[in-house]
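Structure at a glance
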Amino acid sequence: MLLNFDRLGGWKWILVGITGLTAAFLVLPIVFIAALSFGSSQWLIFPPPAWTLKWYEAFFADPRWLEAAGTSFYIAAIVTVLSVLIGLVASFGLVRGRFIGKEGLRALFLTPMILPVVVLAVALYAFFLRIGLNGTVTGFVIAHLVVALPFSILSITNALEGFDKSIEDAAVLCGASPLEAKLRITLPSISHGLFSAAVFSFLTSWDEVVLAIFMASPTLQTLPVKIWATLRQDLTPVIAAASTLLIVITIALMLLVALLRKGLKS
Amino acid sequence: MALLTERDNTTVMGKIRPVRSRNFALTVPALLLLVVFFILPVLSLLLRSVLEPEPGLGNYQALLGSTTYLKIFLNTFSVSALVTVVTLAIGFPVAWALAIMPSRLSSIVFAILLLSMWTNLLTRTYAWMVLLQRTGVINKTLMGLGLISEPLPLVNNLVGVTIGMTYIMLPFIILPLYGVIRKIDPAILQAAALCGATRWQALTRVLIPLATPGMVSGALMVFVMSLGYFVTPALLGGTANMMLAELIAQFVQSLVNWGMGGAAALVLLVVTLALYAIQLRLFGTARMEGR
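Definitions and limits used
- Position numbers for residues count from 1 along each chain, tracking the sequence in the order it is written.
- For this description, chains carry letters from A and ligands carry numbers from 1, given in the order in which they are written.
- Thresholds applied to this predicted model are a pLDDT of at least 70 for local features of residues and 80 or more for the giving and counting of side-chain atom pairs; totals over whole chains, interfaces and linings are not thresholded and use all residues.
- Note: side-chain values were computed over all heavy atoms of the structure, leaving out hydrogens and water.
- UniProt positions are given in the numbering used here, feature names are shortened, and annotations may be inferred rather than shown by experiment.
- How sure the predictor is of each residue is captured by pLDDT, a score from 0 to 100.
- Pairs of residues are marked as contacts when any of their non-hydrogen atoms sit within 4.5 Å.
- Orientation is described by axes fitted as lines to C-alpha atoms, over the contacting stretch for helices, and by angles from 0 to 180 degrees between their N-to-C directions.
- Think of it this way: any DSSP run of H or I at least four residues long counts as a helix, any run of E at least two long counts as a strand, and we number them from the N terminus.
- An angle counts as roughly parallel when it lies under 35 degrees, as roughly antiparallel when it exceeds 145, as roughly perpendicular when it falls between 65 and 115, and as oblique in every other case.
- For any pair of crossing helices, the crossing counts as left-handed if the nearer helix is rotated counterclockwise from the farther one by less than a right angle, and right-handed if it is rotated clockwise.
- A quick way to say it: buried area is the sum, across both parts, of accessible area lost when two parts are put together, with a 1.4 Å probe.
- The pocket and cavity definitions rest on a 1 Å grid over protein atoms only: a 1.4 Å probe that fits but cannot leave marks a cavity, an open set with protein on both sides within 12 Å along at least five of seven lines marks a pocket, and residues lining either have an atom within 4 Å of a point.
- Grid points are joined across faces, edges and corners, and a volume is the space filled by probe spheres set on the points.
- All residues other than Ala, Val, Leu, Ile, Met, Phe, Trp, Tyr, Cys, Pro, Asp, Glu, Lys and Arg, Gly among them, are scored as polar; the first ten of these are nonpolar and the last four charged.
- Under the scheme applied here, a residue whose accessible area is under 20% of the maximum for its type counts as buried, over 50% as exposed, and between as partly exposed, the area being computed with a 1.4 Å probe on protein chains only.

Going by the annotation in an unreviewed UniProt entry, the name recorded for chain B is Putative spermidine/putrescine transport system permease protein, with Rhizobium giardinii given as the source organism. Per UniProt, chain B has the following entry under Subcellular location (unreviewed entry): "Cell membrane". As its UniProt record puts it under Sequence similarities (unreviewed entry), chain B is described as follows: "Belongs to the binding-protein-dependent transport system permease family. CysTW subfamily."

An unreviewed UniProt entry lists chain A under the name Putative spermidine/putrescine transport system permease protein, from Rhizobium giardinii.

Listed below in structure tokens is the structure:
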């Protein structure tokens, strides 16, 4: 009855209506910002009086925006590599290991996900001020790595738990060294887990605002920090252009993940 | 076979060795990272709350004894509670619909949910700042329809924060609730109908009670995430309704008062952990897909 779509009767349309409105509520602001980034109005009047590319020109003409985007990408790339490597090794330990306190350790590894980021940001800021890592790429990478690593461990332990270890043992039986078996049999089999670990780690760092606000210095800032600082002054449409570029990158990465999942299934 | 599986640590040189350390070393890099750059800095921040400017509980007395700060605590809780209620009220019907809709319809909604979740937080907040401003689309439309004559103040106040936070939290309640409703056996509701329950009775006495664990757990998660939110309240809220995360940032950044900053951080941390403990106690697992 209530769980059968075709037999809901009039209620069906209420549910569909609410769902449609909610979907619109979620998607329209994103569409709206993308549309405004091509609008000519400085004051973001909608519908725009005319269409233009000048906000994109302003974005690409300003070295500070490009530099911030470059920094973001550079930091996110390093975070991705480290997060996958450390996450992979730790996941082997968590899934294959046998030691006291393993479950506690697993829970500990996920805590950065649930604690308020602002607490970590303030704590790391204090620590980095003392050891001189504030406003450095290293500082950014460490801060982002702490929040990216849980995503990595979660994805890779999931993949590793779904992998039948006897296949690896079979390779060893056929003469492969244990390391060779891991590199040529196990890693390719869990590549989907490694891939989603990489995507989540990248996006976590690329999108991260709160830690970045505290880690940034006048000479080193990521794209979100630049957007944040600009937003506090005015709502210039250049932000809309920058935001649209971010949305395009997000959609591209999401499609990549979806395609890869489809490829794995078939 | 013992030779084929890795080194069998239980029998090395014929002696029985405790198995406690097998593969533990692999987790050491991650553990070191967390201890040095997460646990120790947070503990040291909390320690500063009782050591600076002088040892004692002075910071906590100042924090909990002042009406200004109490107002911020109260505001943090009431905004989070409001956001939780609104997301739950919208999220339940949407999750319900998603669980029973034909998959070609629901996959569109899922794509939208994921897109919204993974769109940059600042982008989403910026969108609402633009939409809600005095000359924004919403005010323009309402005035165009003749519903209001003056633009409504929708931003830098409670309305702005609630809309912005609801926007961000909706996917976090819809996705877990969808999972819960999906697992309910439709036959139970058929049985209710056969026994003569009206639709309304089936909803309030069967479906909602069965979905309650999912609702409580989702609501707790949204509430906890809202408590610690920084960016959206800072940009969409006004100075009159500051939230706890902003207060912590302000203590540290503008006032350089580490003692008070640490004390406020401890309050936030304790409340967060206590609510997660309740969640674990009630449901066994904490949902941790938060950002």
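Residues at a pLDDT of 70 or more form 90% of chain B, whose mean pLDDT is 87. In this model, residues 286–291 of chain B is a region of pLDDT below 50 whose contacts with residues beyond four sequence positions or in other chains number 27 contacts.

The next point concerns the packing of helix H6 (residues 137–161) of chain A against helix H9 (residues 191–207) of chain A. All names here are of chain A. For the pair H6 and H9, interaxial distance at closest approach is 8 Å and the crossing angle is 160°. Considering the angle they form, H6 stands roughly antiparallel to H9. Seen from above, H6 lies across H9 with right-handed handedness. Between H6 and H9, the residues in contact are His144, Val147, Ala148, Phe151, Ser152, Ser155, Ile156 and Ala159 and His192, Gly193, Leu194, Ser196, Ala197, Phe200, Ser201, Thr204 and Ser205, respectively.

On to the UniProt feature "domain: ABC transmembrane type-1" (unreviewed entry) in chain B. UniProt feature "domain: ABC transmembrane type-1" (unreviewed entry): in the numbering of this structure it lies at residues 73–279 of chain B. Helix makes up 80% of residues 73–279 of chain B and strand 0%, and the two end C-alpha atoms of the span are 22 Å apart.

Between chain A and chain B, the contact holds 92 residues from the first and 88 residues from the second. Buried area between chain A and chain B, both sides added, is near 8700 Å², and the carbon and sulfur share of it is 80%. Per-element accounting of the side of chain A that touches chain B gives the leading share, 15 residues, to helix H1 (residues 10–36) of chain A.

To find leftover empty space, a probe the size of one water molecule is rolled over the atoms. In the structure shown here, the tally under the stated rule is two cavities of 30 Å³ or more. Taken as a whole, the second largest cavity spans an internal volume of roughly 40 Å³. Taken together, A:Thr19, A:Thr22, A:Ala23, A:Leu26, B:Val94, B:Val109, B:Ile112, B:Leu113 and B:Ile174 form the lining of the second largest cavity. When residues of the lining of the second largest cavity are assigned to their parent elements, the largest contribution, four residues, is made by H1(A). Along the lines of polarity and charge, the residues of the lining of the second largest cavity split into seven nonpolar, two polar and no charged.

Moving on, we come to the UniProt feature "transmembrane region" (unreviewed entry) in chain A. Residues and elements named next belong to chain A. When the UniProt feature table is mapped onto this chain numbering, "transmembrane region" (unreviewed entry) sits at residues 12–38, 73–95, 107–128, 140–160, 194–215 and 235–260. Helix makes up 91% of residues 107–128 and strand 0%. Its end C-alpha atoms lie 26 Å apart. Within the segment residues 194–215, helix and strand shares are 91% and 0% respectively, and the terminal C-alpha atoms sit 28 Å apart.

Before going further, it helps to examine the environment of A:Ala216. Residue and element names in this part refer to chain A. Here Ala216 lies in the loop between helix H10 (210–215) and helix H11 (223–233). Looking at Ala216, the relative accessible area reads 19%, which means it is buried. Residues Ala216 and Val172 lie 44 residues apart in sequence; the distance between their C-alpha atoms is 49 Å. Every residue in contact with Ala216, bar those within four places of it in the chain, is listed here: Gly135, Phe140, Gln221 and Val225.

Next up on the list: helix H11 (residues 244–253) of chain B. Of all 10 residues in H11(B), eight are buried; the element is thus mostly enclosed. Within H11(B), burial applies to B:Leu244, B:Ala245, B:Glu246, B:Leu247, B:Ile248, B:Ala249, B:Phe251 and B:Val252.

Using the residue numbers shown here, the UniProt feature "domain: ABC transmembrane type-1" (unreviewed entry) corresponds to residues 69–257 of chain A. Taken end to end, residues 69–257 of chain A is 83% helix and 0% strand, and its two terminal C-alpha atoms sit 23 Å from one another.

Moving on to the UniProt feature "transmembrane region" (unreviewed entry) in chain B. UniProt records the feature "transmembrane region" (unreviewed entry) at residues 24–47, 72–98, 105–123, 158–181, 202–235 and 255–278 of chain B, using the numbering of this structure. Secondary structure content for residues 24–47 of chain B is 83% helix and 0% strand, and the end C-alpha separation is 30 Å.

Moving on, we come to unusual backbone geometry. Residue and element names in this part refer to chain B. With omega at -5°, the peptide bond leading from Glu52 into Pro53 counts as cis. Structurally, the position occupied by Pro53 is in the loop between helix H1 (28–51) and helix H2 (58–65). Despite not being glycine, Asn156 shows a phi value in the positive range, around 60°. A positive phi angle, near 45°, is found at Val256, a position not held by glycine. Assignment of secondary structure puts Val256 in the loop between H11 and helix H12 (258–283). Accessibility expressed as a relative area gives 55% for Val256, which makes it exposed.

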